[in-house]
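# Coordinate inspection notes
The primary structure of each chain is shown beneath.
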Amino acid sequence: MSTSAWWGTRGERTLGTGPCAPLSTEPLTKVGTLSAGIPITSASYYATVTLDQVQHILRSDTDIPMPLIEERHRILNETGKILLEKFEGSFLNCVRKSEKSAQKLMHLVVESFPSYRDVTEFKGKRISFYKRAQILVADTWSVLEGEGDGCFQDISSITMFADYRLPQVLVHLGALKYSGELLEKLLKGEMLSYGSRQEVEIRGCSLWCVELIRDCLLELIEKKGETTGGEINSILLDYYLWDYARDHREDMKGIPFHRTRCIYY
């Protein structure tokens, strides 16, 4: 459902990322929208929802309008129609077709829903971040608690979700460092176009950084001869770092995040 990360006045992510993802902040939460009589989780509803209706549902609580509203409307219609045509109107049927494989589900989403094809080129090579597809798989795993249809044996193959905030918190923690030229550009608030060299480098380096952090954690645990109470993967690290960024946003005010307007974040 999300076509672009939209940061609210308090620093929240205001939209989910799945085909049936709920809204997550005021004035329109999933519960609030449903209680208002708007069946926002129904594929048959958003397959035919009008632009005016979407503008009302996704209205801003500030003077700044929701960006890319026409794209959001188009993708809602497109996603709803695909769910109805291919998956009997339910994303759970898509999950079940993955045969409990995170990779199969991710690729099924990318193949079935065009708005998830987060693919670009870098130095002549095809680069696939699949940010929204991966977070959709991760959220499915989380909400199903890794059990039943959400028991993905290869869940650790999913990486962090490369968008705006994690690079910022990784710089804050000293795990990443921007070049002087890039830092100056970000401090000025200059936009980085989707697929540009610096945009791809920020996302790619952030992703690899989280992979290295995960490997270091596993190595430390092994050296100490300890056992973990559960899975340690890049998904959980992403969740932790994103929450950390939200809780420490005042401390991170001096560190800019990159600005890219596209449908893939």
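Look up: the structure comes first, before these words.
The present account deals with the structure reproduced in this document. (Residues numbered from 1 in each chain as written. Predicted model: local features only at pLDDT ≥ 70, side-chain atom pairs only at ≥ 80, totals over all residues. Heavy atoms only, no water.)

### What to know about the pairing of strand E4 (residues 125-128)
Moving residue by residue along a regular strand, the side chains alternate between the two faces of the sheet. As a reminder, the rule being used: Here, any two strands with at least 2 DSSP bridges between them count as paired. In DSSP terms, a helix is any run of H or I states spanning at least four residues, a strand is any run of E spanning at least two, and both are numbered starting from the N terminus.
Relative to E4, strand E3 (residues 119-122) is paired through four bridges, and the arrangement is antiparallel. Looking across to E4, one finds that Val119 is bridged to Ser128.

### With respect to the packing of aromatic side chains
Going by this rule: Any Phe, Tyr or Trp ring, taking Trp's six-membered ring, that has another such ring centre within 6.5 Å forms a pair; planes under 30 degrees apart are called stacked, those over 60 apart edge-to-face, and the others tilted. Each residue's exposure class comes from its accessible area (1.4 Å probe, protein chains only) as a fraction of the maximum for that residue type: buried when under 20%, exposed when over 50%, partly exposed otherwise.
For the structure shown, the criterion picks out seven aromatic pairs. For the pair Phe87 and Phe113, a centre-to-centre distance of 6.1 Å together with 20° between the ring planes defines the contact as stacked. Note that Phe87 is positioned in helix H4 (residues 69-87) and Phe113 in the loop between helix H6 (102-112) and E3, a separation of 26 residues in sequence. Each member of the pair, Phe87 together with Phe113, is buried. Relative to Tyr244, the ring of Tyr240 has its centre 6.4 Å away and its plane inclined at 35°; by these criteria the two rings are tilted. Here Tyr244 and Tyr240 lie together in helix H11 (residues 234-247), a separation of four residues that amounts to about one turn.

### A short note on H4
Note the cut-off: Helix span is expected to be 1.5 Å times the residue number reduced by one.
Counted at 1.5 Å a residue, the expected span for H4 with its 19 residues is 27 Å, and the 26 Å between its end C-alpha atoms agrees. Among all positions of H4, only Ile69, Arg72, His73, Ile75, Leu76, Asn77, Thr79, Gly80, Ile82, Leu83 and Phe87 are buried.

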